[in-house]
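# Structural features, examined
What follows is the residue order along each chain.
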Amino acid sequence: MRNLQILRNLSISDFIINNFNKFYVIPEQSSIKSIEILGFTKSLEIYLLIIDNTSSLKSIFISNLPQDIEVIENISVLECKYIFNDLFIILNTGHLLKVSLLNSECNELVPTILNTGPLKCCSWSSDYERTVCINIEDILSVFTIEDCNFEKLIDISLQEIFEEQNKFVNVGWGSVETQFRGSEGKYSTIVNQEIHEESFQDKNLNDDTVHICWKYNCTAFAVNYICKKDNIRKIKVFNQDGVLLNVTKSIYGLQSASDWCSLRNLITCVQTLPNKQVICFLEENALLHGDFQLPENIKITKLLWNNSGDILACIGSHLIHNQEFIALWTTSNYKWYMKQNLKFKERIVYVQWDAALPNRLHIILKSGVYRMIEWLFQINESSKCNCENNLSLVAVINNNNVNFTPYRLVYQPPSIPFKTNNTFVYSVNAVIFPNMTLTSEHDYFDCNSTILYLDNNQILLLKYENTNIADIFSFTFNDPNVEIDFSTPVEMSAWLWILPNSLFFNWSRQDGNYFCVSHLDIANKSIIITKLFKLDSLIITIVNRDDDVIIHSEDGKLFIFQDDRLHLMSICFIEPCHFLEVINSDTLIALNQNKNLYINETIKWRDVISFYWKNPFLILVTMENQLLISKLDFVDERIQFKEIFGRNIEPRSYLVTLVDDQVILETKRGNIETITPRPFIIFKMEEMIKNSQYFEVFQMLRKQRINMNVIFDHDPASFLNNIKNIVNSMQEPSYLLTFITELKDENVAEKMFPWKYSKIKNETENKVLTICKALSDSIKELNNEKLNSSLIAALVRQDKLAEAANYAIKYNEIATLCHLSDAVIVYEAALASYDLECALKIIQYSKLDPSEYLPFIRELQETEENYRKFKICNYLEKYDEALKYLSNYEENEKFEECLKYIHKHKLYVTALELYNIKQNSVSNGIHSQYIKILTIVAEYFYENKFYEEAAILFEKAKLNEKALVCYLAIGDWFSSISIIKTMNCEKSIEMKMFSNTYDLLYKQGKYEDAAFIAYNFIGNCEIAVQTYLTAKKYCRSINVATSFKNENILRNIIKPYLKEEVTYIIESINSNMKSLNTYSKRLHDLREKNKQQDNDDEDDHDRMSCISSTDSSDCSSVSSFGSRASSVSSTAKRARRRERKLWNLKPGNPREELSLLNILREIITNNSKQYSESIPDLTSALIKTDDLNLAKELNVEYAQFLKLIDNIRREVWPVTELKEEGGFKDIQTKCPPDICITGRKLHLFNS
């Protein structure tokens, strides 16, 4: 999307240049301020041409040809290099000249003969370590250079066939020759190949030129030559020592022009095909890698890549117009664009990219004109002209086409242009958009109009109307008084167009650089130059400051054009800046080629790729792949920039344009990325709130996903004063609903955007309640039914759920209510009001499980009112109120249930108060109940209010149901089962209760109790056996199977399980014994090593004590046994990491001994207890099942394990005095572990 814009434009003509036939630009001596060129005459006289910053030419005579070299007619310079103040010159005769240059004078001239004969071409590597020469016999010679001495490495004939070092192995599968085409097509491939070769035969042999190009890192070079055997041009790739790597195969139509691209590592050459001419690319393996088509009727004679590898210069001639040209090509997203086309009326003698500045090109013409043109990549866009109808056009040049993309209408990459103008006759070299408009009374032009600068120094005006490109006029630079003649193309640069007709530019003439002031004459179709100001230095850029024009020259000076005069400004940059932006009358922003961003004369940022100014924000793209936004502030009448926004972007992205509040970026691969920075949104929101555009503010913040609390926090007083207008103007109810649900009591704006609100204290007490109360009152007053959901939300945020539920039922917004608040809470609120219909609707419109809630509602509907209220209060855990409704029944109707409820919720005091009231109000029928309540309360207080004691009393009183509830509450399952047995229930109900009890115990991990219930009460043998096996009660499982006389269970379940268990335990014992032996041996070796150390025991002891104490303290701080929390570890994750590090078993750990002791202690303690509990019972079970061998094997392994841990315990933890150092866990680790043997011991086997 970027175009090439001329940054520096220099044109010089001097009579002495006409005598030269060879030139060479000295790269080390060329800079921005001066250029040094070596010129060689036909008699090989050497001159040094110096072009200073005043664009003046000075020539210095250096030397003549040595006397012992005979000057022949066709002698010329093939190659020259400047190395360490020495100039090396290679002549076509094979002579090598060495000229020592000191202070531009000749001190020494040493001739040397290269034994290669007359040369066709030669090339020097960029690191000056190799020289490649090819003579007229196609013999390639490689020379190495060391301390200015030349030594030949190898001689190779280009015409001879050698085996390539990197030759591909191809057996031919899939080629045309292997395809079956029948008898008629058998020889078709051979005939087609012969015809194809004949079509290229004449074109390949029209030029005998040999060309050499080096790889960017000088590890290989390519030779473009004609193979006489095959009559075809080929390219051979050699390494730096002359070893052949690859050769092109059957690539017809290659031309002599070639070069090696440094950026893409591709060999670039010209290929002529039957129907077109292309620039093709070859990989280092000599295989094709894409191409692009060239215009018709041209001949390319030379290809030159700049040092950065992003601009390809094609030098050639036009076959019809007989003109030589230089075309500059760039690529983006795999599409190639011709950005510049320089056409010359005379022959180009010399053209070369500058070695130091990659975008600078040196051109010397036959007539003696020297042109230096330096380009920079720049976006041509129209957003700088602040007009309402600005479409934010971006123009992309491609030869004689210009692609326009209006980013205010569409977002698409440049490879898919929105509109392309008509193809012009001449190539377009520059696109100029208007920078500003002075008046609005001009119908002919608008801010979307465009000026195109063509390669013939003409101007074309375009007007963009209704997204259609239309040609308006084509003008020439003709002054009525002076005839202007352009000798070279693109003499104008640094354009500035101010609507309607003011045009300013730089004119690089051969007699100097001029600042031109002109205006467009529409009637006469001409551009009239009214003022010419000659400057001593090149003009870099021209910008406007309101009505004035600012000119920036290469020497850093700034001039302002006022009242038809140039005035020198007080601001002066220390280096030239190619991008310049005016903030106000006293402040400038500038960016130079070193990526330094200046605010006036001070460097504010470094590594800046591009910037954009949008008052009051400065947008930057940096080399760290960040998009930065800085805000302009005035502090004590001084400008300060504060970074307020930063975001990572894709590498090598650059700014394209700004459209309103959106930043348009183009990525490396050519895609368009649109970013809307938050500061732009806040700045726009502030303007909208001032204009009371609250609905637009809600809409914008919702689209950008910004918390809507910012609307209130920005200006609370204004929001509350305009609350009725906000409610009345709300066209979309969801916006207000989102605002209410996002409300927070904290100042969200200050937290999210401190750069804006840190100094503004807009604190509001009870912010949520204040806003919701104002909104609910306004909505009720306006009676806007569209905002019912917002009204409900406001009531919910005020904790007025009952009122919110009434509005929800009234306006059928129950679903909204359930969404705003927890459905369970809303459901309970409806039950609390005893409104079952509301509760049913809440279940219907919420995500509550109907199977869980509907049965309860139906049960309530079928229950009379008093008992319904009791159940509702009981469900809502309002036990006191529930007991009140339950006690309203007369006689013994609900007295038993009331007693259970009292015991369940310990409502003894409440029950006593309620029945005391009934006793006072009713004379008969209640006295016995009152006495019973008194007795229960007395017994409760006497037994200290425990359920277990109450259950015992209920059981004695034969109140089995109440006793069962109490036993179930305390988890006494055996007592509960005994109560169940005494209840005389039906068999099915009783079994169901037993099954439920079994399931509950099994889930709780009480496998032994669960197996007891399954065996004694459920009577299921298989379940009881499996549960006992799970509980590791092997003998009991055998007893159960035996009692049921079930041999199948004993054979199919118990015996296989016992064998698997024995195998698992033996493997576990062996694994643990292996680990114990490994760690104990390692601990023994570690202790022996410590004993054999030097006599520095005291120093080592101090050092280890320090480490131990430090680490131990850390351990105690993160261990569960530590008494002090670590002040360093702020999270549990860090604490666990440090714990693992402290007890790391890696050799070399300072705490290695403690770590080994700890792991040995854990293995002994855990496994000794586990084995002692399970092995004896397992042994008994094996004997009962006649598996005596397994039992013996198990006990032998177990005995060896016990013996091993006993030995290790004595060796590792000897009886010595314990030193209490370190934390608790360290002390515990140094103590011998207790061997826990909890199970019984069988004496059936010898240990």
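A brief look at the structure comes next. (Residues numbered from 1 in each chain as written. Predicted model: local features only at pLDDT ≥ 70, side-chain atom pairs only at ≥ 80, totals over all residues. Heavy atoms only, no water.)

Take the pattern of salt bridges next. Using the criterion set out here, one finds 23 salt bridges in the structure. Residue glutamate 781 pairs with lysine 724 through a salt bridge whose shortest N-O separation is 3.1 Å. One end of the pair, glutamate 781, is in helix H10 (residues 767–782); the other, lysine 724, is in helix H6 (residues 723–729), and 57 residues separate them in sequence. Of the residues examined, lysine 724 reaches a relative accessible area of 43% and is grouped as partly exposed. For lysine 780, the salt bridge goes to glutamate 803, with nearest N and O atoms at 2.8 Å. Remark: glutamate 803 occurs in helix H12 (residues 801–810) and lysine 780 occurs in helix H10; sequence separation between them is 23 residues. (Salt bridge = Lys/Arg side-chain N within 4 Å of Asp/Glu carboxyl O. Helix = DSSP H or I, 4+ residues; strand = E, 2+ residues; numbered from the N terminus. Buried < 20%, exposed > 50% of the residue type's maximum accessible area, 1.4 Å probe, protein only.)

Mapped onto the secondary structure, leucine 461 falls in strand S36 (residues 458–465). Between the alpha carbons of leucine 461 and threonine 450 there is a distance of 5.8 Å; along the sequence they are 11 residues apart.

With that settled, the discussion passes to the sheet that holds strand S50 (residues 608–614). If you trace the four strands from one edge of the open sheet to the other, you get S50-S51-S52-S53, paired in antiparallel fashion. The open sheet has two edge strands, S50 and strand S53 (638–648), and neither has a second partner. Neighbour-to-neighbour, the strand axes of this sheet turn through a mean angle of 25 degrees, independent of strand direction. Relative to strand S52 (residues 626–635), strand S51 (residues 617–622) runs antiparallel, the two sharing five bridges. Residue pairing across strands places isoleucine 619 opposite isoleucine 629, the latter belonging to S52. Contacting S50, S51, S52 and S53, helix H2 (residues 678–690) crosses the sheet at an angle of about 170 degrees to S51. (Pairing = 2+ DSSP bridges. Axes fitted to C-alpha atoms, helices over the stretch in contact; angles between N-to-C directions. Contact = heavy atoms within 4.5 Å.)

Okay, helix H19 (residues 895–905) next. Among the residues of H19, those classed as buried are Phe895, Cys898, Leu899, Tyr901, Ile902, His903 and His905. Directly beyond the C-terminal end of H19, a positive phi value near 55 degrees is found at lysine 906.

A few words on a negative patch on the surface. Where like charges cluster on the molecular surface, the negative patch consists of Asp127, Glu129, Glu146 and Glu151. Note that glutamate 146 resides in strand S12 (residues 139–146). What makes glutamate 146 exposed here is its relative accessible area of 58%. (Patch = residues over 30% accessible without salt bridge, like charges linked within 9 Å, V, L, I, M, F, W, Y side chains within 5 Å. Areas by Shrake-Rupley, 256 points an atom, 1.4 Å probe, with all protein chains shown as cover. Lys, Arg positive; Asp, Glu negative; His and termini not counted. Charge placed at Lys NZ, Arg CZ, Asp CG, Glu CD.)

Between helix H29 (residues 1047–1091) and helix H33 (residues 1188–1212), whose axes approach to 10 Å, the crossing angle comes to 20 degrees. Between H29 and H33, the angle is such that the two are roughly parallel. In terms of crossing hand, the pair formed by H29 and H33 is left-handed. Among the residues forming the contact of H29 with H33, the class breakdown is 15 nonpolar, five polar and five charged. (Parallel < 35°, antiparallel > 145°, perpendicular 65-115°, else oblique. Left-handed = near helix turned anticlockwise from the far one by under 90°. Nonpolar A, V, L, I, M, F, W, Y, C, P; charged D, E, K, R; others polar.)

On their own, these measurements won't tell you what the molecule is for.
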